[in-house]
Amino acid sequence: MKAIHQLSTFQNILSQYPQEEPLNRFLAVYYKQNKQMGSRDRKIASRLVYNYFRLGNILSDLPKEDRLTIAEFLCNSIPNSFLAHFNSEWNAKTELPLKEKVEIIKTEYPGFNLADVFPFHQHLSPEVDQEEFYLSSFIQPDLFIRIKKGEEKQIQKVLASADVNYTLIDQQTIAFLNGTKLEEILPDKGNYEIQDLSSQKVGEYFMPDKWDKWWDCCAASGGKSLMLHDQQPDIKLLVSDNRESILENLQHRFALAGIRGYQRKVLDLTQNNNQVLHDYAFDGIILDAPCSGSGTWGRTPEMIAQFAEYKIKFYSELQFKIAANVIPYLKVGKPLIYITCSVFKEENEEKVAKLCKEFDLEIESEKLIKGYHIKADTLFVARLIKK
Ligand SMILES: C[S@@+](CC[C@H](N)C(=O)[O-])C[C@H]1O[C@@H](n2cnc3c(N)ncnc32)[C@H](O)[C@@H]1O
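All values reported here derive from a predicted model rather than from experimental measurement. (Residues numbered from 1 in each chain as written. Predicted model: local features only at pLDDT ≥ 70, side-chain atom pairs only at ≥ 80, totals over all residues.)

Draft legend 1. Highlighting the sheet that holds strand β1 (residues 143-147). The antiparallel open sheet is built from 4 strands, whose spatial order is β2-β3-β1-β4. Strands at the two margins of the open sheet, each flanked by one partner only, are β2 (166-170) and β4 (192-194). With strand direction ignored, the average angle separating the axes of adjacent strands in the sheet is 25°. As judged from the 4 bridges shared by β2 and strand β3 (residues 173-176), these two strands associate in the antiparallel manner. The residue bridging D170 from the neighbouring strand is T173, located in β3. (Pairing = 2+ DSSP bridges. Helix = DSSP H or I, 4+ residues; strand = E, 2+ residues; numbered from the N terminus. Axes fitted to C-alpha atoms, helices over the stretch in contact; angles between N-to-C directions.)

Here it is, written out as structure tokens:
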């Protein structure tokens, strides 16, 4: 009976979900309005809804209940009571490798096409291993932290005495299962940052020198800037974004990390900002561009259904415009670090090729930092040198 009740909660949530809103935000409000749901009910409801969206467009003509059962089979690697109720045979096979589970589903539903999990596959960067990428849609990514330099021993000591599962990736990086309540285990937020593994790897392309002047021009709440500062605390830093509210978050995070001497400006980089910037010349610019976010949809699978193909062109043009407006402030011989969290070639390799064609830039290195096979995001980074 419990499973039937869980199914009806799932259906109720889906019928109320307005689509254009981030799912986590909608669920938080939904649970506030449905106080009768205990923490276990909420956990199961979230699992069902998220797993459902992980199917993308697979077998989109089937009734929702059937699609949910398929999603539960693919997305869980241990049996559960919901699947036991609706398909006990599959429930006994949840531990099988994903590829075998796909074959089992195909025998019952010959119309199952794995590529339908990601409807925009013709836009994928050539580097992406398509089958591996599609299969990764069924797996929730991990939660990663980047430990501030010098705090490694302290954090490992706390973790060793805490009752928590974690994986030490390297000295600076630790992976936790998603949903781990980090704020309870590591309450001192000043000595680490929550930052995806691939996002951390992007930092290897910065290579700042002492006393350099750097500009993080789409800084948001400062994830990349904090990493840059940790690499080279003696740089002069300008951070900007077109959203004032997000720069307030940055200010808060910087204060927690003990960073004070930096400049902050609200700038819309689709506009000419020469009146404000005419005196500036940078030794490095980080352009972590607004993008489709398609390399992070493992964390927000509802985006697969919400995203529209025309937006790829929109982001691609926006990225070009912003790059065109920041390149004049880069010194000759110095790097523009172009970053996206996208898996689309139009935002990545093709964008970088176009920038090099239109401006005096050459590619020193570029890479699609693949995270889909290791429960992390996928990001693109290019280090472009001004000639
Ligand atoms: C991918 S996010 C940056 C993430 C950030 N670097 C980090 O590591 O946390 C892109 C940012 O670009 C900003 N943005 C979008 N359009 C912009 C514009 N026209 N001018 C300046 N910033 C813009 C967005 O507000 C967003 O915060």
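Now that the structure has been shown, we can carry on.
Draft legend 2. Structural detail: the packing of helix α3 (residues 39-54) against helix α4 (residues 64-75). It is at 8 Å that the axes of α3 and α4 come closest, and there the two elements cross at 95°. With respect to each other, α3 and α4 are oriented roughly perpendicular. In this structure, α3 uses L48, N51, Y52 and R54 to contact α4, whose residues at the interface are R67, L68, A71, E72 and C75. Along the lines of polarity and charge, the residues of the contact of α3 with α4 split into 5 nonpolar, 1 polar and 3 charged. (Parallel < 35°, antiparallel > 145°, perpendicular 65-115°, else oblique. Contact = placed C-beta atoms within 7 Å. Nonpolar A, V, L, I, M, F, W, Y, C, P; charged D, E, K, R; others polar.)

Draft legend 3. Structural context of the pairing of strand β8 (residues 284-288). With 5 of its 5 residues buried, β8 lies for the most part within the structure. The alternating pattern of β8 places G284, I286 and D288 on one face and I285 and L287 on the opposite face, and all of these are buried. Here strand β5 (residues 213-216) runs beside β8; their pairing, made up of 3 bridges, is parallel. By the bridge assignment, D216 is partnered in β8 with I286. With 4 bridges joining them, β8 and strand β9 (residues 335-340) adopt parallel strand pairing. Opposite D288, over in β9, you have I339 as the bridge partner. (Buried ≥ 20, exposed ≤ 12 C-beta atoms within 10 Å, placed from the backbone.)

Draft legend 4. Representation of α3 within the structure. If you check α3, its first and last C-alpha atoms are 22 Å apart, about what 16 residues at 1.5 Å a residue would give, namely 22 Å. The complete set of buried residues in α3 reads I44, A45, R47, L48, V49, N51, Y52, F53 and R54. Tucked inside the fold, the buried residues of α3 contact α1 (2-16), α2 (23-33), α4 and α15 (302-306). Positive phi appears at G56, one or two residues downstream of α3, with a value of about 60°. (Expected span 1.5 Å × (residues − 1).)

Draft legend 5. Seen up close, the UniProt feature "active site" (unreviewed entry) in the protein chain. The UniProt entry lists C341 under the feature "active site" (unreviewed entry), expressed in the numbering used here. Mapped onto the secondary structure, C341 falls in the loop between β9 and α17 (349-358). Contacts of C341, omitting those with residues within four sequence positions, involve C291, G293, G295, T296, D377 and L379. (UniProt positions renumbered as here; feature names shortened; annotations may be inferred.)

Draft legend 6. Structural detail: the UniProt feature "domain: SAM-dependent MTase RsmB/NOP-type" (unreviewed entry) in the protein chain. Feature annotation in UniProt assigns "domain: SAM-dependent MTase RsmB/NOP-type" (unreviewed entry) to the following positions: residues 120-387. Along residues 120-387, the helical share is 32% and the strand share 22%, with 35 Å between the first and last C-alpha atoms.

Draft legend 7. The arrangement of unusual backbone geometry in detail. We note that W211 has phi near 70°; this positive angle belongs to a residue other than glycine. The class for W211 is exposed, based on 10 C-beta atoms found within 10 Å. At A220, a position not held by glycine, the phi torsion is positive, near 45°.

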